[in-house]
Each structure stands twice: as structure tokens, then as C-alpha cells.
Amino acid sequence: MSDRDIRICFVGDSFVNGTGDPEYLGWTGRTCITTARAGYAVTYYNLGIRGNTNTDIRVRWLQECERRLPPRFDGRIVFSFGVNDTAVEEGKQRLNTAQTWKHTKFILAEARSRFPILLVSPPPVANQENNQRIINSAMG
């Protein structure tokens, strides 16, 4: 077992949160289980909020992560968001591609200046039209 305490904040939406997982782990919990089995001491913070767009995440991520990742620890952030940006509400997409990219670039630039980071793309969903919007948004 490693003596190094790795602290990871997973920041994002319901996919980060694990919504719908009968074991309440989601991919983030399973990733940390695998990491711990590999011998790493992991402290894991699930900061996924159902329904959040990257506009919401831009407002909250820094304060939430700084509280959990003090400089004396090996802190990292994994971001994953985007499906809610492309969802349609009241006949229009919640965020257009330009807004998504603007917020994503801001979040990642700010985070990278403070912590090691990783961005995980949004997963496909059961709605093919939404999947196409996710692809289009990812392409910029």
C-alpha cells in the first residue's frame, strides 16, 4: 500500500454522481476501487450534481475543490460534463456550442494552473439526437 495520500475530486454532472447505478458507485467509484486495489491510498470526492451544465460547474468547482485539496496533499481533479449542455429544454439546447467551449476553456485553464487535471468526455446517452449534439459540441 502506498503511503502517499492521493486526493481526487470528480467534478461534473449526474454521470459523475452515478445517478441510476444500483450500487451507487458510478464510474468514479469503480475507478477509485480499482486504484485502491492497485495499492494507492485514495481519498475520493464525488462532486457530481445531477442536471449541472458546465455553466453551473464553472461557478462552483474551484471553491469545492480547494476545500478538499489543500496544498500538503497530492490533489487531482477529474472533470466530466457536457450531456446537460446539449439537452433540449423548452425547445432549445440548454447551452450552445460556443457557450460550452467558452466555459470549458475557462474551467480547464484555471484548474490546470492549480492542479493536475483530466477531462473525460461526456458518455453517449439513449437519445440518438442528443448523441449527435454531444458529438457536434465536442468537435467545436
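Our subject is the structure that appears above.
Just so it is clear, the model here is predicted, and its values are computed rather than measured.

Colleague: Explain unusual backbone geometry here, please?
Modeller: Negative phi values dominate among residues other than glycine, just as trans dominates among peptide bonds. Look at Y24: it is not a glycine, yet its phi comes out positive at around 60 degrees. One can find Y24 in the loop between α1 (14–17) and α2 (26–37). Residue classification places Y24 among the exposed residues on the basis of a relative accessible area of 73%.

Colleague: Help me understand the packing of aromatic side chains, please; the structure alone is not making it clear to me.
Modeller: Any two aromatic rings considered together are summarised by their centre-to-centre distance and by the angle between their planes. Under the defined criterion, the tally for this structure stands at four aromatic pairs. When the centroid spacing of 5.7 Å and the interplanar angle of 85 degrees are considered together, the rings of F10 and W27 count as edge-to-face. Within this pair, whereas F10 is found in strand β1 (residues 5–12), its partner W27 is found in helix α2, the two being separated by 17 residues in sequence. Relative accessible area serves as the criterion here: at 30%, W27 is assigned to the partly exposed category.

Colleague: Explanation requested: the environment of T43 in the structure shown.
Modeller: Within the secondary structure, T43 sits in strand β2 (residues 41–48). Note: C-alpha distance between T43 and R67 (24 residues apart in sequence) is 13 Å. Setting aside residues no more than four positions away along its own chain, T43 makes contact with D5, I6, R7 and I8. Polar side-chain contacts of T43 include one of 3.1 Å to the side chain of D5.

Colleague: Quick question: what am I supposed to make of the sheet that holds strand β3 (residues 74–80) here?
Modeller: The pairing of strands in a sheet happens through backbone hydrogen bonds and is either parallel or antiparallel. The parallel open sheet is built from four strands, whose spatial order is β2-β1-β3-β6. Both outer strands of the open sheet, β2 and β6 (117–120), are each paired with one neighbouring strand and no more. For this sheet, the mean inter-axis angle between neighbouring strands, taken without regard to orientation, is 20 degrees. Bridge count between β1 and β3: seven bridges; the pairing is parallel. Looking across to β3, one finds that C9 is bridged to I77. Helix α3 (residues 54–68) contacts β1, β2 and β3 of the sheet and is inclined by roughly 165 degrees relative to β1.

Colleague: How do you make sense of the side chain of T104 when you look at a structure like this?
Modeller: Mapped onto the secondary structure, T104 falls in helix α5 (residues 97–112). Setting aside anything within four residues of it in sequence, one finds T104 in contact with N54, F81 and L119.

About the thresholds
Residues numbered from 1 in each chain as written. Predicted model: local features only at pLDDT ≥ 70, side-chain atom pairs only at ≥ 80, totals over all residues. Heavy atoms only, no water. Helix = DSSP H or I, 4+ residues; strand = E, 2+ residues; numbered from the N terminus. Buried < 20%, exposed > 50% of the residue type's maximum accessible area, 1.4 Å probe, protein only. Phe/Tyr/Trp six-rings, centres within 6.5 Å; stacked < 30°, edge-to-face > 60°. Contact = heavy atoms within 4.5 Å. Polar contact = N/O pair within 3.5 Å; in protein donor to acceptor, adjacent residues only side chain to side chain. Pairing = 2+ DSSP bridges. Axes fitted to C-alpha atoms, helices over the stretch in contact; angles between N-to-C directions.

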